[in-house]
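An overview of the molecular structure
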Amino acid sequence: MPHAAQLVSLATAVPPHVLLQRDVVAAAGSIFSHRYRDFDRLSRVFETAGIHKRQAVRPLEWFFEPHGWPERTAAYLEGALALFVEAATRALDQAELKAGDVDAIVTVSSTGIATPSLEARAFGQMGFRHDVHRVPVFGLGCAGGVSGLSIAAKLAKAQPGSTVLFVTVELCTLAFRLDELTKANIVATALFGDGAAACVLRSAGEGIAEIEAAGEHTWPDTLDIMGWNVDPEGFGVVFARAIPPFAEEHLGPAVSGILDRAGLGMRDVDRFVCHPGGKKVITALERALSLDQGSLDHERVVLSEYGNMSAPTVLFVLERAMQAGLPPRSVLTALGPGFTASCVSLRAA
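Quick caveat: nothing in here was measured; it's all calculated off a predicted structure. (Residues numbered from 1 in each chain as written. Predicted model: local features only at pLDDT ≥ 70, side-chain atom pairs only at ≥ 80, totals over all residues. Heavy atoms only, no water.)

We now examine the nonpolar core. Among the nonpolar cores identified, the biggest contains 74 residues, and Phe84, Phe128, Leu165 and Val169 are the most heavily contacted of them. With eleven residues, helix α4 (residues 69-94) is the single largest residue contributor to this core. Residues in contact with Phe128, not counting those within four places in the same chain, are Phe84, Ala99, Val102, Ile105, Glu119, Ala122, Phe123 and Leu165. Grouped together as the second largest cluster of nonpolar side chains are 35 residues, Leu7, Val106, Leu201 and Ala209 included. (Core = buried A, V, L, I, M, F, W, Y, C linked by side-chain atoms within 4.5 Å. Buried < 20%, exposed > 50% of the residue type's maximum accessible area, 1.4 Å probe, protein only. Helix = DSSP H or I, 4+ residues; strand = E, 2+ residues; numbered from the N terminus. Contact = heavy atoms within 4.5 Å.)

With that settled, the discussion passes to the packing of aromatic side chains. What characterises a pair of aromatic rings is the spacing of the ring centres plus the angle enclosed by the ring planes. Overall, the coordinates contain eleven aromatic pairs when judged by the stated rule. Ring centres 5.5 Å apart and planes at 80 degrees place the aromatic pair Phe246 and Phe339 in the edge-to-face group. Of this pair, Phe246 sits in helix α9 (residues 243-261) while Phe339 sits in the loop between β12 (329-336) and β13 (340-348); the two residues are 93 residues apart in sequence, bridging distant segments of the chain. Judged by its relative accessible area of 12%, Phe246 falls in the buried class. On the basis of relative accessibility, which here comes to 0%, the residue Phe339 falls in the buried class. Chaining the aromatic ring pairs together yields one cluster made of Trp62, Phe63 and Phe176. (Phe/Tyr/Trp six-rings, centres within 6.5 Å; stacked < 30°, edge-to-face > 60°.)

Next up on the list: the side chain of Asp194. When you line up the elements, Asp194 lands in strand β7 (residues 194-202). Buried within the structure, Asp194 lacks any salt-bridge partner; Arg54 is the closest side chain of opposite charge, at an N-O distance of 8.2 Å. A distance of 2.7 Å separates polar atoms of two side chains, one belonging to Asp194 and the other to Thr173. When near neighbours in sequence (up to four residues on either side) are disregarded, Asp194 contacts Val14, Pro15, Gln55, Ala56, Val57, Glu170, Leu171, Cys172, Thr173 and Met309. (Lys, Arg positive; Asp, Glu negative; His and termini not counted. Salt bridge = Lys/Arg side-chain N within 4 Å of Asp/Glu carboxyl O. Polar contact = N/O pair within 3.5 Å; in protein donor to acceptor, adjacent residues only side chain to side chain.)

Between α9 and helix α10 (residues 279-288), the least distance of the axes is 8 Å, while the angle of their chain directions is 20 degrees. Considering the angle they form, α9 stands roughly parallel to α10. Crossing angle aside, the handedness with which α9 passes α10 is right-handed. Counting all contacts with α9, which are made through Ile243, Pro244, Ala247, Glu248, Leu251 and Gly252, the residues of α10 involved are Lys280, Val281, Ala284, Leu285, Arg287 and Ala288. (Axes fitted to C-alpha atoms, helices over the stretch in contact; angles between N-to-C directions. Parallel < 35°, antiparallel > 145°, perpendicular 65-115°, else oblique. Left-handed = near helix turned anticlockwise from the far one by under 90°.)

This brings us to the sheet that holds strand β8 (residues 209-218). Pairing is mixed across the open sheet formed by nine strands, whose spatial order is β5-β4-β6-β7-β1-β8-β13-β12-β11. Here the strands that pair on one side only, and so sit at the sheet edges, are β5 (133-137) and β11 (271-274). On average, each strand axis in the sheet is tilted by 25 degrees relative to the strand beside it, whichever way the strands run. Along the sheet face, α9 touches β8, β11, β12 and β13 and points at about 130 degrees away from the line of β8. (Pairing = 2+ DSSP bridges.)

For helix α1 (residues 21-32), with twelve residues, the first-to-last C-alpha span of 16 Å sits near the 16 Å given by 1.5 Å per residue. Elements in contact with the buried residues of α1: β2 (17-20), α2 (39-42), α3 (44-48), β3 (53-56) and α8 (183-191). (Expected span 1.5 Å × (residues − 1).)

On to the environment of Val57. Turning to its location among the elements, Val57 is positioned in the loop between β3 and α4. Here the alpha-carbon distance between Val57 and Gly193, two residues 136 residues apart in the chain, equals 9.1 Å. With residues near it in sequence (within four places) discarded, Val57 still touches Pro15, His17, Gly79, Leu83, Leu171, Thr173, Leu174 and Asp194.

Once that is clear, we can look at the UniProt feature "active site" (unreviewed entry) in the chain. Here, the residues flagged by UniProt with the feature "active site" (unreviewed entry) are Cys142. Within the secondary structure, Cys142 sits in the loop between β5 and α7 (144-158). Given a relative accessible area of 8%, Cys142 falls into the buried group. Among residues more than four places away in sequence, those in contact with Cys142 are Met226, His275, Asn308, Ser310, Ala311, Ala334, Leu335, Gly336 and Pro337. (UniProt positions renumbered as here; feature names shortened; annotations may be inferred.)

The next subject is the environment of Asp40. Residue position: Asp40 is located in helix α2. The exposure class of Asp40 is exposed, given its relative accessible area of 57%. Each C-alpha atom, one on Asp40 and one on Gly100, is 53 Å from the other, the two residues being 60 residues apart in sequence.

In total, this model carries 14 salt bridges according to the counting rule given. When the shortest N-O distance is used, the salt bridge between Arg271 and Asp297 registers 3.0 Å. Of this pair, Arg271 sits in strand β11 while Asp297 is found in helix α11 (residues 297-306), placing the two residues 26 residues apart along the sequence. Of the residues examined, Arg271 reaches a relative accessible area of 16% and is grouped as buried. Asp297 gets classed as partly exposed once you look at its relative accessible area, which sits at 38%. Sharing partners across several salt bridges, the network here consists of Asp103, Arg129 and Asp131.

Put into structure tokens, the structure is as follows:
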């Protein structure tokens, strides 16, 4: 009987520059209000987003100047590498392991382009073995924290006794655009932050929790809901359809189907750990999952303190849930480009 993958450790990291929401809205007003007549109406999103502060790899003043691909890529490579090393080192230290003990590395990031990828750039600094298996993944967006954990768990399970390091780094603030006079860009400016998370997984021994099941659901004809446009200035955010009403209507049946394929039901779940895409999204998730309003308390705190960091955010929520004490079964959920729902079921040790 094959061993299930065990989540052995989880660590998070954020960059040094703190962006208070009140400062961001003032900066956005000075940048957009005289050029975009709908800004005053749309600026209410800064107050209703449920965000107090966020962290960024560059100070607020950096965003007042135009930046093209070379400047954005340089900021990504520097900032993402630093966060990769910080989060990965913390996760390995928690697991009482060294980088040389790692057999495979799953790296998830969708907010910058790095070839060689981040784990290769961190190779010498971290001290990974020359035969380590590298699995860089791009394009999962906000679902990357859950889908990446699933990929890492499958690798650990497939090679009994192996150690898999999963790292997700997203620098969403680098997608802030001075030239994009659109609702989507204003919403992104109000929501996005930067951060990283790392996990160690093994298929032998004990851990914090067992990865007992995972699954995804992709809806057809939904490519316009979330993603990036790629143009000469950089990534441009795509929010072509309202996410909260879509999630409220469609997420429940999708999660129920994923759980059913694993021999589980909604009633078997003691706690949902969700990616908090925004304040309205959290409310929609509670309705979709038939939860009492206010149940997703860790999600609201993480959103307030860090903003939407895309893929790592759900792991920040899981970290808080772990600190509070995991119930017998938790299910991680996130929605990302595709449009896709991703789930991972955890059984507490």
